[in-house]
Amino acid sequence: MTGPLLLGVRHHGPGSARAVRAALDAARPDAVLIEGPPEADALLPLAADARMRPPVALLAHAVDDPGRAAFWPFAAFSPEWVAVRWALDHGAAVHFFDLPAAHSLAMMGDPTWSDEEDDEGGDDSGEQSADVRRDGPGRDPGQQGEPGRGPRPGLRVDPLAVLAETAGYDDPERWWEDAVEHRAAGTGDPLAPFAAVAEAMTALRETYGHGGTARDPVREAHMRLRLRAARKEHGDAVAVVCGAWHVPALAAKHTVTADRALLKGLPKVRAETTWVPWTHRRLARRSGYGAGIDSPGWYGHLFAVPDRPVERWMTKAAGLLRDEDHAVSTAHVIEAVRLAGSLAAMRGRPLAGLSETTDAVRAVMCDGSDVPLALIRDRLVVGDVLGEVPEGAPAVPLQRDLDRLQRSLRLKPEAAEREVDLDLRKDTDAARSRLLHRLRLLGVEWGAPERARGTGTFRESWRLRWEPELRVRVAEAGAWGTTVLSAATAKAVSEAASATALADITALAERCLLADLPEALPLVMKALADRAAVDTDVSRLAGALPALARALRYGDVRGTDTAALAEVATGLALRVCVGLPPACAGLDADGAAEMRGHVDAVHTAIRLLPDTGGGAAGTEGGSDSADGRGTGTGPTTDPETGPTADSVTGPATGSGTGAEGVVAMWADVLERLARRDAVPGTLRGRAARLLLDDGRLAEDEAARLMGLALSPGTAPADAAAWVEGFAGAGGDGSGGLLLVHDERLLALVDAWLTAVPAEAFTDVLPLLRRTFGAYEPGVRRTLGELVRRGPAGGDDTTPAGEGAPGFGPGLDAARADAVLPVLDLLLGHRQPTEEECAGVPG
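In every chain, residue numbers begin from 1 and rise along the written sequence. Reporting of local features is limited, given that this is a predicted model, to residues whose pLDDT is at least 70; pairs of side-chain atoms are given and counted only at 80 or more, and all residues count toward the totals for whole chains, interfaces and linings. Excluding hydrogens and water, the side-chain values take into account all heavy atoms of the structure.

## Some points on the nonpolar core
How we decide: We call a set of buried residues a nonpolar core when its members are Ala, Val, Leu, Ile, Met, Phe, Trp, Tyr or Cys and they connect through side-chain atoms within 4.5 Å of each other. The rule is simple: take the accessible area with a 1.4 Å probe, protein chains only, and divide by the maximum for that residue type; under 20% is buried, over 50% is exposed, in between is partly exposed. Put simply, DSSP H or I for four residues or longer makes a helix, DSSP E for two residues or longer makes a strand, and each gets a number counted from the N terminus. Note on definitions: a residue-residue contact is assigned when non-hydrogen atoms from the two residues lie within 4.5 Å.
Trp446, Leu565, Leu580, Ile606 and Trp666 are the most contacted members of the largest nonpolar core, which totals 114 residues. When residues in this core are grouped by element, the largest group, 11 residues, is from helix α25 (residues 563-584). With residues near it in sequence (within four places) discarded, Leu565 still touches Ala509, Leu513, Met525, Leu528, Leu548, Ala551 and Leu552. Membership of the second largest hydrophobic core comes to 54 residues, among which are Trp298, Ala318, Leu321 and Ala360.

## With respect to the pattern of salt bridges
Note on pairing: side chains with opposite charge can pair once their charged atoms come close. Rules: By definition, a salt bridge exists where a carboxyl oxygen of Asp or Glu is found within 4 Å of a side-chain nitrogen of Lys or Arg.
Under the defined criterion, the tally for this structure stands at 43 salt bridges. We note a salt bridge from Arg53 to Glu388, for which the minimum N-O separation is 3.4 Å. Linking Arg53 in the loop between β2 (31-34) and β3 (56-62) with Glu388 in the loop between α17 (370-382) and α18 (397-408), this pair joins segments that are 335 residues apart in sequence. Classification of Glu388 by relative accessible area gives partly exposed; the value is 34%. The salt bridge partner of Arg219 is Asp216, with a shortest N-O separation of 3.5 Å. In this pair, Arg219 and Asp216 are both assigned in helix α9 (residues 216-234), three residues apart and thus about one turn of the helix distant. For the pair Arg219 and Asp216, one class covers both residues: buried.

## Things to note about the packing of helix α19 (residues 427-441) against helix α22 (residues 502-515)
Inclusion rule: Geometry is summarised by axes, namely lines fitted to C-alpha atoms with helices restricted to the contacting stretch, and by angles between N-to-C directions that run from 0 to 180 degrees. Residue classes follow a fixed rule: Ala, Val, Leu, Ile, Met, Phe, Trp, Tyr, Cys and Pro count as nonpolar, while Asp, Glu, Lys and Arg count as charged, and any other residue, Gly among them, counts as polar.
Closest axis-to-axis distance for the α19/α22 pair is 8 Å, and the angle between their directions is 145°. Across the interface between the two elements, Arg434, His437, Arg438, Arg440 and Leu441 of α19 pack against Leu508, Arg511, Leu514 and Ala515 of α22. Across the contact of α19 with α22, the residue classes break down as four nonpolar, one polar and four charged.

## Section: the sheet that holds strand β5 (residues 93-96)
Applied cut-off: A pair of strands is considered paired only if DSSP assigns at least 2 bridges between the two.
Pairing is parallel across the open sheet formed by four strands, whose spatial order is β1-β6-β2-β5. If you trace the sheet from one side to the other, it starts and ends with β1 (5-9) and β5, each paired once. Neighbouring strand axes in the sheet, compared pairwise and without regard to direction, differ in orientation by 20° on average. Where β1 lies against strand β6 (residues 238-243), five bridges are found, and the strand directions are parallel. Looking at the pairing, Leu7 lines up with Val241 of β6. Here helix α2 (residues 79-90) sits on the sheet in contact with β1, β2, β5 and β6, set at roughly 155° to β2.

Okay, structure coming up:
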């Protein structure tokens, strides 16, 4: 070799990767320099480990601030990865020679160092892979300046687009495929492609300078210093693999003094590096530099299968579609290959590319539909490949503990999104649930809880997907402890000490129970009790109670001790009962709507408190009177005004008031709300509805309250609000069913609505539309039929004669009774007789 071998590549380009391997085989250098952070030199030998399976990435993060991190991803078809493996396999020295991560991490966020490209497609992970992986021939299309004028300020040059336009192509990606990816391997001089690329890049650098990126000169200065050091040790037997854009700068003559001057005074942080698994999907997400990496699965296929790539790709697509129950035969594969070749010939391409194969698959295998084609793009063109790193790779202690738990619980991280159903009665599933909840508390969002199938509290459903950025989250969480349990406990205690909102502390208590953090829970409960004792805002108290009730519910199935939590929850419920009636008086429409949500949530939460039973069972000791209004064991109730202030505030001190007393006390609060004129109509209607559903309000009394609320003396807007509160269900549609099955209430609403003056109808229409629009279509249709038929009359019997559409002429008692034996069998109340079993296949 004469002089260093400069191999300018396109990052993650399979054509470049093949060319690099051929060039290295021909030149046989003693040392290979690769674009990347020098701090990771000690990690390079791990690339030869049999357990290292790309895609992987180098992760560098600041020791004192793990969230300040950067990734350098490598795929199997990345030229840099091919160069690393070649050097290790042939005994050549291999080093990274880009700007150290200590500098690049320190300058993250500096506007003079970053540019628009850094943020493209990014997220909040602090990732800076664009800084070091987006500098090959491809850059953001459409951001170059005009030739001869230099780049416009703030815009980066896209060399690939300039070269494609020069070659007469309107699509840079198609030009790159035709010129590089479809070039036959093993033909001609292996160094010729790099000489041509270097010549083209030199012409572009002469026109555009550094291309609008102020940091490139700094990086290139450090590259030249490292290159000089390598040449001093190995002579000219040095090969450099870097983004083609940098080749002219490395070949040009620069003095050591000038290069050191560019690097003088750069800020530094202490950085650590390691290997982490990467994914094809993550490569596709950061695809702004136009290197074709928006299709990593396709490029991986081209690299791995150089022989007959189109035929093998079509076979993969057919297999995927067959696995998804699509009718695809061998004939489809043959015709798709032929069509792809014909399209390539018509478009003047040397070989069918991704666009031709996609068009052929859509036309032949997908019958012109984009729905199955989307499956191929997701599974094949992008793919869910997740790399692996050996256990010997450096990692923070928390990451090692997480790896151990993942293996012991058989909960393998996967790039593909999947659903996991957990049965908390099983030890393994319960341990998996605790791990996922602890990670969520630490900010490691590996799994997101879903609504469980079924109604039991012993089931959980999770949607899992492992993203590479979660390694950064784990590194950040390592500041809290060396194990998942200790870190989650420490963070929970810290959040409890710093939380100021009562709702935040109650949510934290719920998360501690779900995550099973016995050491943190007492401290969280103390903070909760202290905060609840001084908080007098009823809205905040009411907003905090549901989380406590859910925590009690889930705590039981997990076998955790919730006695302290139950005591706090009961005291909180008592305080809500005391403060709610005065807090509901004089609210405007928005305040009433917000308070209605709190009333619904508290009503559900109180039914979940220990020993309340829930539903009708929650009314024990409270529904003895003939008119359906319960007195129970709670405070005494005045028949006209509901509980007096003294009777309500008395039990709030906790003197002898248990969970059953809280239920009865809450019922009295609801009755008081339902009868107070100072309470907004939506709250009065909602309180009446909740009492009616719990069996604490007789139907006659409910009809009387509705009649009063809809009387002519009531303002139409207030009456409409009452109807919304009473008949507008909390999302379950039961308000419409109530009107369907109680025609007296429906007749009251109908009579009131027909009597609303024309000038007031427009004001009440939005409320009514919101109320009745929430009903199911079948319920609305039935209500319409009932209104069209008119009132049923004064008695409960249906008049004889032809009924309205959808209704019979009258009640057929015999036909109704005929279903009872079947219901007995279905409910298991009796066993079938021999006569009933006759003729039934055994």
